[in-house]
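# Reading the structure
Here is how the chains run, residue by residue.
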Amino acid sequence: MTWDVWRRRVFSDWQLKAVGLSCAVGLWLYVHSEQRLQLTLRVPLELRNPPHAQRFARRPPSTIEVRLDADREVIPRLAPESVRAVVDLSGVTGKRVDITLTPDHILRPVGVGVLSIAPSQLVLEFEPAARGEE
């Protein structure tokens with residue numbers, strides 16, 4: 001094949017080829033654009049700084065369910081231990097406390113959002129600890 005034949009094949013109907021190429025690039029950009037994915041994880045619940053000289057009357061849940069929203073690239077790198085719920089009980093008084101779980105209670109990597117938490121309410125009941133349990 002000579003140079004003139006090759007040049008004619010490449011540059012003939014160049015407008016149609018340019019439109020086809022721009023459609024292909026546009027479709028590729030659309031498919032690979034920043035898509036956000038959602039997933040649901042069961043994460044550990046950490047209760048920090050429980051009241052002194054008290055214990056839980058009923059055992060609190062050890063895990064909660066969190067629905068997360070993250071970039072498509074973040075999901076494969078999201079380790080189960082990198083997400084957890086933390087509730088600070090310092091300053092809690094009384095026998096019963098109602099805590100509304102918010103996204104602020106969920107420790108998570110940067111770029112990961114919280115869509116929902118279940119249960120969204122924690123009801124913790126305390127009773128005096130027996131001697132030696134303090």
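Our subject is the structure that appears above.
Here we summarise the structure given alongside this text. (Residues numbered from 1 in each chain as written. Predicted model: local features only at pLDDT ≥ 70, side-chain atom pairs only at ≥ 80, totals over all residues. Heavy atoms only, no water.)

### Quick notes on the sheet that holds strand S5 (residues 96–100)
Read across the sheet, 3 strands follow the order S2-S8-S5 without closing on themselves; strand pairing throughout is antiparallel. Unpaired on one side and paired on the other, strand S2 (54–56) and S5 mark the two borders of the sheet. Adjacent strand axes in the sheet meet at a mean angle of 35° when their direction is disregarded. Where S2 lies against strand S8 (residues 121–128), 3 bridges are found, and the strand directions are antiparallel. (Pairing = 2+ DSSP bridges. Helix = DSSP H or I, 4+ residues; strand = E, 2+ residues; numbered from the N terminus. Axes fitted to C-alpha atoms, helices over the stretch in contact; angles between N-to-C directions.)

### Thoughts on unusual backbone geometry
Cis geometry is found at the peptide bond from Ala-118 to Pro-119, where omega equals -5°. Within the secondary structure layout, Pro-119 lies in the loop between strand S7 (112–118) and S8. Phi at Asp-13 is positive, roughly 55°, even though this residue is not glycine. A positive phi angle is found at Asn-49, which is not glycine, with a value near 55°. Summarising the element assignment, Asn-49 is placed in the loop between strand S1 (36–48) and S2. We classify Asn-49 as partly exposed; its relative accessible area is 45%. (Buried < 20%, exposed > 50% of the residue type's maximum accessible area, 1.4 Å probe, protein only.)

By themselves, these observations are geometric and do not establish any function.
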